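Single-letter residue listing:
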Protein chains: 2
Amino acid sequence: MTTPKRISGVLAPVVTPFKPDLSPDPERYVRHCKWLLDNGCRGLAVFGTNSEANSLSIEERMVLLETLILEGVPADKLMPGTGCCSLTDSVRLTSHAVALGCAGVLMLPPFYYKGVSDDGLYRNFAEVIERVGDARLQLYLYHIPPVSQVPITLALIERLLKRFPETVAGVKDSSGDWSNTKAMLDAFAKSGFDVFAGSEVFLLDNMKNGGKGCITATGNINPGAISKVFETWSGPNADALQKDITATRNVMQKYPMMAALKAVIAHYARDPEWATVRPPLVELTPAQNKGLIAELGARGFDMPGLAAAGATAIA
Amino acid sequence: MTTPKRISGVLAPVVTPFKPDLSPDPERYVRHCKWLLDNGCRGLAVFGTNSEANSLSIEERMVLLETLILEGVPADKLMPGTGCCSLTDSVRLTSHAVALGCAGVLMLPPFYYKGVSDDGLYRNFAEVIERVGDARLQLYLYHIPPVSQVPITLALIERLLKRFPETVAGVKDSSGDWSNTKAMLDAFAKSGFDVFAGSEVFLLDNMKNGGKGCITATGNINPGAISKVFETWSGPNADALQKDITATRNVMQKYPMMAALKAVIAHYARDPEWATVRPPLVELTPAQNKGLIAELGARGFDMPGLAAAGATAIA
């Protein structure tokens, strides 16, 4: 691998705020992205699963990405999701991200058809890479079988790496199965393939085995503590720090994740509009909301400076 | 229900032909649509699962739909698929179809997020209906859990029918589970909710229980024989005719359906380019192709006039 600087560390799949009419809210979006970068995230995996990205149109995503960069979020900190069901959409979003100078893209497989072959998936990724045709492209494969229902197998990674060694940069493993992450690390990490855990629960294990960090839902609300595990994973306090972030994650996992993330931000930003989600998701019930905030409060959880961050928003 | 004329009969989810560069091929598309309407299909459910619709961009679908109508395919025979993961895309495609005078739309639920609630799905469909805001809209729900992994429950249908009785017109049940189709018929058919079986295997049973026809993959290649079951379902030969179309279906089901449909059209049209599929699908292997054509030939299967239909294509 010859690419000089690859992104690493803790990345948040940034939640996408909506206005009451369900249109994306660029002001809150920029503000939250800046808060995340100021509070531990080394990068932003915008337009991930937790971003409700697949509930946005292609144009809505492109406008939001352009807005972030215009408002001063560095493109080299961005890893937008660009994998769509349609080949032409994936090419369009990926070309757009590369042209804007993004650090990389995180690419879902086409996820409508199930039981498709590795041959078909290989052909999809190969067509995207060839059509984008840009040496700057750093492609991270997105393995999230519980949601996409279309897995990225080790055999597929091997085949893609062999054909596109300069482009296929890594993977986000959101299988929730550490043995799968470990197999990816064992097979490919030494050759410069960057493995990100899909949850901070596996962050310390991932770092000990040659991984590069994590891209995690709760990076949206707890970036400081998660980042500390990344920064000090080889130090004496790593196990205790890991235990703490896992405990916070476990609270969040009792609730529907995307609605819960937004409810937490709404609470700590003192900004109820943040709670809005697009269908088919629904907001937390008042009882869920109360329970979640109480549980986090009991852990001493906080999002420092979030309520004041409004001052840095788009005028 | 006050709508004067609803579509019924056999509809094909029209396969979408691609050029060698994988762009949609409007010439072959128009030609096939006209052949289908001349050979038994009462309507065309363009942009369905078997159309590889989710492998097309929104713009590619809109251009193809406009092309069909400009080239003389009657809009009142068309039931395009318009359900996307993104609310804004679903609204855009549905508004477009209604503005063009389409008979109805066949709407998938948003299918990226799994395990979503009926509340969230209700909100999705209700938002689409309200945002389209056009009394001409006839919405058919698309239940295909083996692919979408997001079911349309009886409770959801009941709730939507109660709120939008003039708009929610029916369902395509591609569950493959006759007991589910029967439950939909028993619960809603008498109140004017039109149930289409998702396979001709259930066509006779559907008609006997108050259904309105079928929307079936193999309608692309066997519309005449399937249509005969629809036209004569109460006659003395219905069981024998049903047995025959089921046998042909069973041959097709031994192969990956979309690639097999295109291979059959390529063979009978003497037009090898028809076999092209977009990733993540792959074409049949030569051995599969040979086996499929031989099995159909042994059944005396034919697609009359298909090879000559080129004459009716776009100049």
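So, here's what we can say about the structure.

So, on to the overall build of chain A. When helices and strands are counted, chain A shows 12 helices and seven strands. Computed over the C-alpha atoms, the radius of gyration of chain A is 18 Å, within 12% of the 20 Å expected from 2.2 N^0.38 for a compact globule of 315 residues. Seen through its C-alpha atoms, chain A measures out along the principal axes to roughly 50 × 45 × 35 Å. Pairs at least 24 apart in sequence give 75% of the contacts found in chain A among residues at least 6 apart. Accessible surface, chain A: about 11,400 Å² in total, of which carbon and sulfur atoms supply 54%.

Residues and elements named next belong to chain B. In contact at an axis separation of 11 Å, helix α6 (residues 154–163) and helix α7 (residues 178–188) are set at 30° when each is read in the N-to-C sense. If you check the angle between α6 and α7, you find them roughly parallel. With respect to the hand of their crossing, α6 and α7 are arranged in right-handed fashion. Of the residues in α7, those in contact with Leu154, Ile157, Glu158 and Leu161 of α6 are Ala183, Met184 and Phe188. Its residues placed into classes, the contact of α6 with α7 shows six nonpolar, no polar and one charged.

Between chain B and chain A, the residue contacts involve 47 residues of the former and 47 residues of the latter. Note on chain B versus chain A: buried area summed over both sides is about 3,400 Å², and carbon and sulfur give 58% of it. Scanning the region where chain B abuts chain A turns up two salt bridges. Across the salt bridge formed by Arg123 of chain A and Glu283 of chain B, the nearest N and O atoms sit 3.8 Å from each other. For the interface between chain B and chain A, the tally reads 24 residue pairs in polar contact (both at pLDDT 80 or more). At seven residues, helix α4 (residues 118–132) of chain B tops the list of elements feeding residues into the side of chain B that touches chain A. Partitioning the side of chain B that touches chain A into residue classes produces 22 nonpolar, 12 polar and 13 charged.

In this section: empty space enclosed by the protein. Empty space among the atoms becomes visible once a probe the size of a water molecule is rolled across them. Applying the stated rule across the entire model yields five cavities of 30 Å³ or more. Of the volumes computed, that of the largest cavity is approximately 250 Å³. Cys84, Cys85 and Asp89 of chain A together with Cys85 and Asp89 of chain B are, among the 19 residues lining the largest cavity, the residues nearest its centre. Secondary-structure elements contributing two or more residues to the lining of the largest cavity are α2 (58–70) of chain A together with α2 (58–70) of chain B. Class assignment of the residues belonging to the lining of the largest cavity gives a composition of 10 nonpolar, five polar and four charged.

To continue, consider the pairing of strand β6 (residues 194–197) of chain B. Residues and elements named next belong to chain B. Side-chain alternation along β6 places Asp194 and Phe196 on one buried face and Val195 and Ala197 on a second face that is also buried. With respect to chirality, the unit in which strand β5 (residues 168–173) leads through α7 into the neighbouring parallel β6 is right-handed. Relative to strand β7 (residues 213–215), β6 runs parallel, the two sharing two bridges. Paired with Phe196 across the bridge in β7 is Gly213.

The next point concerns the pairing of strand β6 (residues 194–197) of chain A. Residues and elements named next belong to chain A. One ladder, built from four bridges, connects strand β5 (residues 168–173) with β6; its direction is parallel. When the sheet's bridge partners are listed, Val171 is paired in β6 with Val195. Considered for its hand, the β-α-β crossover made up of β6, helix α8 (residues 203–208) and strand β7 (residues 213–215) is right-handed.

Residues and elements named next belong to chain A. Inspection of the secondary structure assignment puts Leu100 in the loop between α3 (87–99) and β3 (105–107). Once the C-alpha coordinates of Leu100 and Arg249 are considered, the two residues, 149 residues apart in sequence, prove to be 33 Å apart. The contact partners of Leu100, leaving out residues within four places of it in the chain, are Leu65, Glu66, Ile69 and Ala75.

Note on the copies: chain B fits chain A at an RMSD of 0.0 Å, the axial shift is 0.0 Å, and the rotation between them is 180°. In short, the pair behaves as if placed about a two-fold rotation axis. When each C-alpha of chain B is compared by its distance to the rotation axis, Tyr112 of chain B comes out closest, at 4.0 Å. Of the residues that chain B buries at the interface, 100% are likewise interface residues in chain A, meaning the two copies contact each other through the same surface.

The next thing to look at is the side chain of Thr16 of chain A. All names here are of chain A. Within the secondary structure, Thr16 sits in the loop between β1 (9–12) and α1 (26–38). For Thr16, a relative accessible area of 1% puts it in the buried group. A polar contact is formed between the side chain of Thr16 and the backbone oxygen of Ser51, at a distance of 2.7 Å. Other than its neighbours up to four places away in sequence, Thr16 contacts Tyr29, Ser51, Glu52, Leu56, Leu64 and Lys262.

Take the pattern of salt bridges next. Residues and elements named next belong to chain B. For the coordinates displayed, the defined rule picks out 39 salt bridges over all chains. Ionic pairing is found between Lys182 and Asp186, a salt bridge with its closest N-O pair at 2.9 Å. Linking Lys182 with Asp186, this pair stays in helix α7, spanning four residues, or about one helical turn. Assessed through its relative accessible area of 27%, Lys182 is described here as partly exposed.

Residues and elements named next belong to chain A. With an omega of 15°, the peptide bond between Pro279 and Pro280 qualifies as cis. By secondary structure assignment, the location of Pro280 is in the loop between α11 (257–268) and α12 (286–298). Backbone geometry at Phe47 places phi at a positive 65°, although glycine is not the residue there. With respect to the element layout, Phe47 can be found in the loop between β2 (43–44) and α2.

We now examine the packing of helix α10 (residues 238–252) of chain A against α12 of chain A. Residue and element names in this part refer to chain A. At a closest axis distance of 10 Å, the pairing of α10 and α12 adopts a crossing angle of 170°. Taken together, the axes of α10 and α12 lie roughly antiparallel to each other. For the pair formed by α10 and α12, the contact residues are Thr248, Val251 and Met252 on the first element and Leu292, Glu295 and Leu296 on the second. Here the residues of the contact of α10 with α12 sort into four nonpolar, one polar and one charged.

Glancing now at helix α9 (residues 223–231) of chain A. All names here are of chain A. Among all positions in α9, only Pro223, Ile226, Ser227, Val229 and Phe230 are buried. Buried positions in α9, seen along its axis, are confined to an arc of 150° and lie on one side of it. Packing partners of the buried residues in α9 comprise β1, α1, α8, β7 and α10.

Parameters and conventions
Residues numbered from 1 in each chain as written. Chains lettered and ligands numbered in written order. Predicted model: local features only at pLDDT ≥ 70, side-chain atom pairs only at ≥ 80, totals over all residues. Heavy atoms only, no water. Helix = DSSP H or I, 4+ residues; strand = E, 2+ residues; numbered from the N terminus. Rg over C-alpha atoms; globule rule 2.2 N^0.38 Å. Contact = heavy atoms within 4.5 Å. Areas by Shrake-Rupley, 256 points an atom, 1.4 Å probe, with all protein chains shown as cover. Axes fitted to C-alpha atoms, helices over the stretch in contact; angles between N-to-C directions. Parallel < 35°, antiparallel > 145°, perpendicular 65-115°, else oblique. Left-handed = near helix turned anticlockwise from the far one by under 90°. Nonpolar A, V, L, I, M, F, W, Y, C, P; charged D, E, K, R; others polar. Buried area = accessible area lost by both parts, 1.4 Å probe. Salt bridge = Lys/Arg side-chain N within 4 Å of Asp/Glu carboxyl O. Polar contact = N/O pair within 3.5 Å; in protein donor to acceptor, adjacent residues only side chain to side chain. 1 Å grid on protein atoms, 1.4 Å probe; cavity = no way out; pocket = protein on both sides within 12 Å on 5 of 7 lines; lining within 4 Å. Points joined across faces, edges and corners; volume = space filled by probe spheres on them. Buried < 20%, exposed > 50% of the residue type's maximum accessible area, 1.4 Å probe, protein only. Right-handed = clockwise from strand over helix to strand, strands pointing away. Pairing = 2+ DSSP bridges. Least-squares fit on C-alpha atoms with pLDDT ≥ 70 in both. Arc of directions from axis to C-beta.

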